[in-house]
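One letter stands for each residue in the lines below.
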Amino acid sequence: MRTLNLDQAAGIRRLRQPQAVRVFAVASGKGGVGKTNIAVNLGVALAQQGRATALLDADLGLANVDILLGLHPRYNLSHVIQGTCTLEEIVVEGPGGLKIVPAASGIQQMADLTAAQQAGLIRAFSGLTLPLEVLIVDTAAGISSTVVNFARACQEIVVVVCDEPASLADAYAFIKLLHRDYRLFRFQILCNQVKSQAQGRQLYEKLCRATDRYLDVTLNYFGSVPKDEAVTKAVQLQQPVVSAFPQSPAALALKALARKVEQWPIADAPSGRLEFFVERMIHYSAESHQV
């Protein structure tokens, strides 16, 4: 136990130098809204802006960040769970210097991790020594326990929606769950594949009307990304649109959103709910050993 505690403390000290990390989740209640594409492009845009950025593919059983970027990592989070690799050993470099922590694809066991396996994965973060300024967590769609735990551990939660009734309904259900069961009250709303900025704002306001009526939460309008053929072309090329078509409407919107991320406050110390991602993960790890 003493060795474990020392290792955790050393991990915290390394991660706090030279500065705290800005950490946010990209989530959605429903699949198919472009969530992973948003996470990837925000990560690349932030890296292009000179920020040391990592993207954690937290869709543990159906990972596709590597597919979107045409990468072929030899190892992934399943190897960390098995104990054959450390977290740092599986990190690969993507476009613009973006660091990627790849997950597994098509492995059912990864989607159904036991409590002990989740604890093992969580413990792995205490040894991560990458110099980071931003960590993006691309969660799976839906409201599984894994999605909820990753979202709870982040400073900000970006909820991606599009103009479909199912997308809005599922986003509302996701926000309701996190607020009702875990006392989270602040969410960033990103409207994707919109026809205009006005449509994006209207979509946000529609979701606000529902939450204002039934929930005590704050929804911030993060922004919107237009529907753009350049995004489809970039996906086919397995490249981020901010790199492949940097002057396209979607790329310009995503780069503007990345600049907006840099204006968010950074939690340089844990609050009452331990907002700083890695410290929260270490906290969960310590709790699991006390049980």
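1. Section: unusual backbone geometry
Here comes step 1: A positive phi angle is found at Arg 183, which is not glycine, with a value near 60 degrees.
Here comes step 2: With respect to the helices and strands, Arg 183 occurs in the loop between helix 9 (165-182) and strand 7 (186-194).
Here comes step 3: You can call Arg 183 exposed: its relative accessible area is 69%.
Here comes step 4: Phi at Gln 238 is positive, roughly 55 degrees, even though this residue is not glycine.
Here comes step 5: Examined against the element boundaries, Gln 238 turns out to sit in the loop between helix 11 (229-237) and helix 12 (241-244).
Here comes step 6: Judged by relative accessible area, which is 38%, Gln 238 ranks as partly exposed.

2. Considerations on the pattern of salt bridges
Here comes step 1: As enumerated under the stated definition, the model contains seven salt bridges in all.
Here comes step 2: When the shortest N-O distance is used, the salt bridge between Glu 262 and Arg 51 registers 2.3 Å. Of the two residues, Glu 262 sits in the loop between helix 13 (249-261) and helix 14 (277-290) while Arg 51 sits in the loop between helix 2 (35-48) and strand 2 (53-58), which places them 211 residues apart along the sequence.
Here comes step 3: With a relative accessible area of 33%, Arg 51 lands in the partly exposed category.
Here comes step 4: Between Glu 93 and Lys 99 there is a salt bridge, with the nearest N and O atoms lying 3.7 Å from each other.
Here comes step 5: On the basis of relative accessibility, which here comes to 52%, the residue Glu 93 falls in the exposed class.
Here comes step 6: Through salt bridges that share partners, Arg 51, Glu 133 and Glu 262 make up one connected network.

3. What to know about the side chain of Ser 224
Here comes step 1: Mapped onto the elements of the fold, Ser 224 is located in strand 8 (residues 218-226).
Here comes step 2: By relative accessible area, which is 4% here, Ser 224 ends up buried.
Here comes step 3: Among the polar contacts made by the side chain of Ser 224, one reaches the side chain of Gln 197 at a distance of 3.1 Å.
Here comes step 4: Within the local environment of Ser 224, its side chain forms a polar contact with the side chain of Tyr 221, the two groups lying 3.4 Å apart.
Here comes step 5: Apart from residues no more than four positions distant in its own chain, Ser 224 is found in contact with Cys 191, Val 194, Gln 197, Gly 200, Ala 253 and Leu 257.

4. Focus on the packing of aromatic side chains
Here comes step 1: A complete count under the given rule lists three aromatic pairs for this structure.
Here comes step 2: Relative to Trp 264, the ring of Phe 24 lies with its centre 5.4 Å away and its plane at 90 degrees, an arrangement referred to as edge-to-face. Taken together, the residues Phe 24 in strand 1 (residues 22-27) and Trp 264 in the loop between helix 13 and helix 14 connect sequence positions 240 residues apart.
Here comes step 3: By relative accessible area, Phe 24 is classed as buried at 0%.
Here comes step 4: The class for Trp 264 is buried, based on a relative accessible area of 9%.
Here comes step 5: Aromatic side chains Tyr 204 and Tyr 221 sit 5.1 Å apart centroid to centroid with 45 degrees between the ring planes, which places their arrangement in the tilted category. Placement of the pair is Tyr 204 in helix 10 (residues 197-214) and Tyr 221 in strand 8, with a sequence separation of 17 residues.

5. Focus: the sheet that holds strand 1
The strands that make up a sheet pair up through hydrogen bonds in the backbone, lying either parallel or antiparallel.
Here comes step 1: Taken together, eight strands build an open sheet; the order of strands is 3-4-2-5-1-6-7-8 and the sheet is mixed. Both edges of this open sheet fall to strand 3 (92-93) and strand 8, since each of them pairs with a single strand only.
Here comes step 2: Of the strand pairs in this sheet, strand 1 and strand 6 (residues 156-161) are connected by four bridges, and their pairing is parallel. Bridging from a neighbouring strand, Ala 25 pairs with Ile 157 of strand 6.
Here comes step 3: Where helix 9 meets the sheet, it contacts strand 1, strand 6, strand 7 and strand 8, and its direction lies at approximately 160 degrees from that of strand 6.
Here comes step 4: Lying over the sheet, helix 13 contacts strand 1, strand 7 and strand 8, oriented at roughly 150 degrees with respect to strand 8.

Parameters at a glance
Residues numbered from 1 in each chain as written. Predicted model: local features only at pLDDT ≥ 70, side-chain atom pairs only at ≥ 80, totals over all residues. Heavy atoms only, no water. Helix = DSSP H or I, 4+ residues; strand = E, 2+ residues; numbered from the N terminus. Buried < 20%, exposed > 50% of the residue type's maximum accessible area, 1.4 Å probe, protein only. Salt bridge = Lys/Arg side-chain N within 4 Å of Asp/Glu carboxyl O. Polar contact = N/O pair within 3.5 Å; in protein donor to acceptor, adjacent residues only side chain to side chain. Contact = heavy atoms within 4.5 Å. Phe/Tyr/Trp six-rings, centres within 6.5 Å; stacked < 30°, edge-to-face > 60°. Pairing = 2+ DSSP bridges. Axes fitted to C-alpha atoms, helices over the stretch in contact; angles between N-to-C directions.

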